[in-house]
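Structural overview
Each chain, letter by letter, is given below.
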Amino acid sequence: MKFLDRLEEWLIAFLISGATLVIFAAVVHRFLASWNIPVVQDLALQIDMTWAQELCIIMFVWMAKFGAAYGVRTGIHVGVDVLINRLGDSARSRFVLFGLLSGALFTCIVAVLGVRFIWENGAHYAFMHALGQASPELFPGPTTPDLEWQTWIVYSAIPLGTALMCFRFLQVAYTFARTGELPHHDHSHVEGLDDVEITDEFHPHEAHTSHPGNAKGSK
């Protein structure tokens, strides 16, 4: 599970950083292309950056789908539990498990529909072509306007990310059924920083020097 957790975090971090760099490069390119300097403007106009916006959209979609699964695992999704927390322990546990299993069922349905969608959108042609059984009657599927990628590859974020989200719901439900604990995200905690315990106690030396009666020469 730790490998899957790390892979999930690395993928999200890669998508965020990659999209940020692409956006930055596109903004700089647009600025240089509009700059009225002969050499700089000519070089900038020779670089084609029309694909940047499409790539960023694709990366943000993938980041959102896998980020939703990460949110289930870490407990950062917003939930209204005012009434549930007022119930008894037994009733609260049943409602929490019902909510988690409902989320797993919903995401499972979306994942299955997502697989069917990409299969009909060109994935069937890709698999049959890889097996050497593609026929001229099979439709290869549409492509994206700028990058000209197969759309079924782009839309694969739906079944993959939603299936991972379903797995996370089942994982949280199993842990809650065993231990009664839900994942909780502390927004005040910064990853990598140790918690520092603050106390109201003073060091004896500080207390000695801060008291006016303890100053040297006092009577």
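For the structure, check the block above.
Because the structure is predicted, anything quoted here is derived from the model rather than measured.

1. Observations regarding the packing of aromatic side chains
The full count for this structure, using the stated rule, is five aromatic pairs. For the pair Phe117 and Tyr155, a centre-to-centre distance of 5.3 Å together with 45° between the ring planes defines the contact as tilted. With Phe117 in helix α5 (residues 89-130) and Tyr155 in the loop between α6 (151-154) and α7 (157-179), this residue pair connects regions lying 38 residues apart in the sequence. Residue class for Phe117 comes out partly exposed when judged on its relative accessible area of 39%.

2. Side note on unusual backbone geometry
Trans is the prevailing form of peptide bonds, just as negative phi is the prevailing case for residues other than glycine. With a phi close to 60°, Glu148 is a non-glycine residue in the positive phi region. Relative to the assigned elements, Glu148 resides in the loop between α5 and α6.

3. Brief notes about the nonpolar core
Core analysis: the largest hydrophobic core is formed by 29 residues, its most contacted members being Trp62, Leu100, Met165 and Phe169. Where this core is concerned, the elements lending two or more residues are α1 (2-33), α3 (52-74), α5 and α7. In this structure Phe169 touches Val72, Leu100, Gly103, Ala104 and Thr107, once residues within four positions along its chain are discounted.

4. What to know about the environment of Phe167
For Phe167, the location among the structural elements is in helix α7. Along the backbone, Phe167 and Cys108 are 59 residues apart, and their C-alpha atoms lie at a distance of 8.7 Å. The contacts of Phe167, once residues within four sequence positions are left out, are Met1 and Leu4.

5. Points about α7
An ideal rise of 1.5 Å per residue puts 33 Å on 23 residues; α7 measures up with 32 Å between its terminal C-alpha atoms. Listed as buried for α7 are Ala157, Pro159, Gly161, Thr162, Leu164, Met165, Cys166, Arg168, Phe169, Val172, Ala173 and Phe176. Along its buried surface, α7 packs onto α1, α3, α5 and α6. Following α7 by one or two positions, Gly180 has its phi on the positive side, about 75°.

6. A closer look at the environment of Ala33
You can see Ala33 is positioned in helix α1. Since its relative accessible area comes to 16%, Ala33 is described here as buried. When the C-alpha positions of Ala33 and Leu45 are compared, they lie 5.7 Å apart, and in sequence the two are twelve residues distant. For Ala33, the contacting residues outside a window of four places in its chain are Gln41, Ala44 and Leu45.

7. Brief notes about the pattern of salt bridges
Using the criterion set out here, one finds seven salt bridges in the structure. As a salt-bridge pair, Arg73 and Glu8 come within 3.0 Å of each other at their nearest N and O atoms. Here Arg73, found in helix α3, pairs with Glu8, found in helix α1; they are 65 residues apart in sequence, far enough to count as distant. What makes Arg73 buried here is its relative accessible area of 18%. Residue Glu8 is classed as buried on the basis of its relative accessible area of 3%. Each of Asp5, Arg6, Glu8, Glu9, Arg73 and Arg168 takes part in one network of salt bridges that share partners.

8. Observations regarding α5
Glu120 marks where α5 bends most, by close to 65°. Within α5, burial applies to Val96, Leu100, Gly103, Ala104, Thr107, Ala111, Gly114, Ile118, Asn121, Gly122, Ala123 and His124. Against α4 (82-85), α6 and α7 lie the buried residues of α5. Looking one or two residues beyond α5, the residue adopting positive phi is Gly132, at roughly 75°.

9. Thoughts on the side chain of Asp5
Position of Asp5 among the secondary structure elements: in helix α1. With a relative accessible area of 17%, Asp5 lands in the buried category. Other than its neighbours up to four places away in sequence, Asp5 contacts Arg73 and Arg168.

10. Some words on the packing of α3 against α7
As a packed pair, α3 and α7 sit with axes 8 Å apart at the nearest point and diverge in direction by 5°. One finds that α3 runs roughly parallel with respect to α7. Only Ala157, Ile158, Leu160, Gly161, Thr162, Leu164, Met165, Arg168, Phe169 and Val172 of α7 make contact with α3, whose side of the interface consists of Trp62, Lys65, Phe66, Ala68, Ala69, Val72 and Arg73. Residue classes in the contact of α3 with α7 are distributed as twelve nonpolar, two polar and three charged.

What counts and how
Residues numbered from 1 in each chain as written. Predicted model: local features only at pLDDT ≥ 70, side-chain atom pairs only at ≥ 80, totals over all residues. Heavy atoms only, no water. Phe/Tyr/Trp six-rings, centres within 6.5 Å; stacked < 30°, edge-to-face > 60°. Helix = DSSP H or I, 4+ residues; strand = E, 2+ residues; numbered from the N terminus. Buried < 20%, exposed > 50% of the residue type's maximum accessible area, 1.4 Å probe, protein only. Core = buried A, V, L, I, M, F, W, Y, C linked by side-chain atoms within 4.5 Å. Contact = heavy atoms within 4.5 Å. Expected span 1.5 Å × (residues − 1). Salt bridge = Lys/Arg side-chain N within 4 Å of Asp/Glu carboxyl O. Bend = angle between axes of the 7 residues up to and from the residue. Axes fitted to C-alpha atoms, helices over the stretch in contact; angles between N-to-C directions. Parallel < 35°, antiparallel > 145°, perpendicular 65-115°, else oblique. Nonpolar A, V, L, I, M, F, W, Y, C, P; charged D, E, K, R; others polar.

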